[in-house]
Amino acid sequence: MKQWDVIVIGGGHAGSEAASAAARLGASTLLLTHRLDTIGEMSCNPAIGGLGKGHLVREVDALDGVMGRVADASGIQFRLLNRSKGPAVRGPRTQSDRALYKQAMQTELAGVDNLEIRAAAVEDLIMDGDRCVGVIDAEGNEYAAAAVVLTTGTFLRGMIHRGAERIPAGRAGEAPAMGLGERLYGMKLRMGRLKTGTPARLRKSSIDWDALEQQAADETPVPFSFMTDRITVPQITCAITRTTEETHRIIAGNLEHSAVYSGAIAGRGPRYCPSIEDKVVRFADRTSHQVFLEPEGLDDDTVYPNGISTSLPDAVQDAFLKTLPGLEQVEVKRYGYAIEYDYVDPRELDATLQVRAVPGLWLAGQINGTTGYEEAAAQGIMAGFNAALASTGRAPFVLSRSDAYIGVMIDDLITRGVSEPYRMFTSRAEYRLTLRADNADQRLTPRVIELGGASVSRETRFRSKMDALETARDQVQALSLTPNEARHHGLSVNADGKRRTVSELLAYPTIGWDDLTPVWPQLAGLEPGVVEQIEIDALYAGYIDRQQADILAFRRDEAVRLPRDLDYRAVGGLSNEAREKLEAARPETLGQASRIEGVTPGALTAVLAHVKRHSKEAS
């Protein structure tokens, strides 16, 4: 039996990133997936990015992951969300051509050294005591590895619900992974059921587009990848329609036929992406909900109606869809459905996404209770890196909450667990002024270069950018004006006699780059990307200095490691609630312990005193 360093199960967004990441670190990697032609499949909305999610894609790209480049190669409607707000909360997003995305992902993976891809339905794990040492497929074939990464998405004992229909499936037309679910339950891991949903797919040619409001792409698309100079894929418009009172009447009158409201589904769905049934019930005072009609490709006659996922029967879906303006004659290509699936409580994982009780086994994506392609990809790249590092005995690669949105997400998952599918938002990050989408490469690319996971082209491009940026930063710090000189050039600043550099002048809301180039013509020659970065740095300079103090305090707490076998029953002064929460979460640091609900400052003091006392006794 051939031995691999890393085996990745699943060819979705988490699995693709995990396999690529492991192979880039030199690990001999095998990707096993049900079907080779569905690698990179966009099971739900063919869109990448958004608020919070776009930050994750930029960070994956900064770590030399593949999602950003693939999105750039397939994006057909790029829009920068929150453009009118500060750069810290802007969210790059694109509607992708489903076929182009899948094609680009498969091309990317085919070009990765050290990566072998095979079609196989994995049904079980090979165990050596409590350690995972390989997998077994449905045909009984065994595959051995030092590390295994499970990225099963919604396939783990997946069940599709539509009206009274119950169809065992991982997604429409594909069989679920039943054996793996049973194996994980047999390991006595804390597990549960979650659900998500998808809307009907509509025939584009049956929609009255002329009657609808159109939403164009940005005139100048902003790429996801720091490796992409410009977007060359043709851009399209999407359309906007709305539900009506008649829509809501039909849905409300058929709630007992919805799988969600009939009691057939036990798992909780994503609160921030509710089904149309949930919207009608939870927001009963509203007479209308916006629906975005998003074409699934340049040459595809399929439209994704974003905002009306449902598990109602086919006939009811037909009836309510025809009440939306522009959809009076609509034809359905595939009806919507809800899907329920198993997940593992992410508090079973450590910060590398390895299962604490099962060395050699990593989990990434929806199996950890998250929702979304971007969240899956971010977990996948971290699990892939760490599986590869562990297979050769190297130190783990961990990002903290102060390093990246990826670190925020993983810390949230392993510390707090989930009660519903987890989705990333900018509001989850305490240090979002520092963790911006525009500086993801400056924060993370040096880390992946040091790790050995960056391509030569990535490293060369990054160093060239940083050289240009450092030169420009030196230049803008060297150029300055007195208040009198500023007034002479029409610039209004405080008359305090203080000289102000270009950076300090740019901090004024009334002064922009174009106001300064007549004063210093040499500034006009800088690259637009460098100029944008200088402007953003100036905008946030004062705030970032204050945030750095918070980050230093955070890192001091993160530096206090807690023993994995710490006996919380022996810690004096803990309430029963705090003790139970700490035992369940098993935090790795004092900082992580502080973020557990129910753990008070007094409890933290008791834990710290206990650890220090035992450390002193041991020495």
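Here's what I pulled together on the structure shown here.

Cut-off values and rules
Residues numbered from 1 in each chain as written. Predicted model: local features only at pLDDT ≥ 70, side-chain atom pairs only at ≥ 80, totals over all residues. Heavy atoms only, no water. Helix = DSSP H or I, 4+ residues; strand = E, 2+ residues; numbered from the N terminus. Expected span 1.5 Å × (residues − 1). Buried < 20%, exposed > 50% of the residue type's maximum accessible area, 1.4 Å probe, protein only. Contact = heavy atoms within 4.5 Å. 1 Å grid on protein atoms, 1.4 Å probe; cavity = no way out; pocket = protein on both sides within 12 Å on 5 of 7 lines; lining within 4 Å. Points joined across faces, edges and corners; volume = space filled by probe spheres on them. Nonpolar A, V, L, I, M, F, W, Y, C, P; charged D, E, K, R; others polar. Axes fitted to C-alpha atoms, helices over the stretch in contact; angles between N-to-C directions. Parallel < 35°, antiparallel > 145°, perpendicular 65-115°, else oblique. Left-handed = near helix turned anticlockwise from the far one by under 90°. Salt bridge = Lys/Arg side-chain N within 4 Å of Asp/Glu carboxyl O. Core = buried A, V, L, I, M, F, W, Y, C linked by side-chain atoms within 4.5 Å.

### Details of helix α11 (residues 440–451)
Between its first and last C-alpha atoms α11 spans 16 Å; for twelve residues at 1.5 Å apiece the expected length is 16 Å, and the two agree. Those residues of α11 not exposed but buried are Ala440, Asp441, Arg443, Leu444, Thr445, Val448, Ile449 and Leu451. Contact partners of the buried residues in α11: α2 (53–62), α9 (373–391) and α12 (456–478). Glycine 452 sits one or two positions beyond α11 and adopts a positive phi of about 95°.

### Some points on empty space enclosed by the protein
The method is simple in principle: a probe with the dimensions of a water molecule rolls over the atoms, and the space it marks as empty is what remains. For the structure on display, the rule yields two cavities of 30 Å³ or more. One number sums up the size of the largest cavity: a volume of about 40 Å³. Forming the walls of the largest cavity are Lys195, Thr196, Gly197, Gly269, Pro270, Cys273, Pro274, Ser275, Asp278 and Ser309. By residue class, the composition of the lining of the largest cavity is three nonpolar, five polar and two charged. If you add up the space inside the second largest cavity, you get close to 30 Å³. Taken together, Lys195, Gly197, Val260, Ser275, Glu277, Ser309, Thr310, Ser311, Tyr337 and Ala338 make up the full set of residues lining the second largest cavity. For the lining of the second largest cavity, the secondary-structure elements that each account for two or more residues are β12 (191–198) and β19 (337–344). Of the residues assigned to the lining of the second largest cavity, the class counts are three nonpolar, five polar and two charged.

### Re the packing of α11 against α12
In contact at an axis separation of 11 Å, α11 and α12 are set at 135° when each is read in the N-to-C sense. Taken together, the axis directions place α11 and α12 in an arrangement best described as oblique. As α11 packs across α12, the resulting crossing turns out to be left-handed. Taking contact as the criterion, the partners of Asp441, Gln442, Thr445, Pro446 and Ile449 in α11 are, on α12, Arg458, Glu459, Phe462, Arg463, Lys465, Met466, Leu469 and Arg473. Residue composition of the contact of α11 with α12, grouped by class: five nonpolar, two polar and six charged.

### Quick look at the side chain of threonine 501
Secondary-structure assignment places threonine 501 in strand β22 (residues 500–501). Among the residues examined, threonine 501 registers a relative accessible area of 11% and is labelled buried. If sequence neighbours within four positions are ignored, threonine 501 has contacts with Val476, Gln477, Leu479 and Ser480.

### Describing the pattern of salt bridges
Going through the model one piece at a time under the given rule, you end up with 50 salt bridges. One salt bridge in this structure joins arginine 98 and glutamate 296, with 2.8 Å as the shortest N-O distance. Of the two residues, arginine 98 sits in helix α4 (residues 98–110) while glutamate 296 sits in the loop between β16 (290–295) and β17 (302–306), which places them 198 residues apart along the sequence. Here arginine 98 and glutamate 296 have matching classes, each one buried. A salt bridge links aspartate 229 to arginine 461; the shortest N-O distance between them is 2.3 Å. In this pair, aspartate 229 is assigned in the loop between β14 (213–215) and β15 (238–242) and arginine 461 in helix α12, connecting sequence segments 232 residues apart. Salt bridges here are not isolated pairs; linked through shared partners, they connect Arg401, Asp411, Asp412, Arg416, Glu430, Glu558 and Arg595.

### Regarding the nonpolar core
Membership of the largest hydrophobic core comes to 107 residues, with the highest contact counts inside it found for Leu63, Leu184, Leu361 and Ile406. The biggest single contributor to this core is α9, with eleven residues. Non-local contacts of isoleucine 406, meaning those with residues more than four positions away in its chain, are made with Leu56, Glu59, Val60, Leu63, Ala378, Met382 and Leu399. Residues Met466, Leu469, Val493 and Val531 belong to the second largest nonpolar core, which totals 25 residues.

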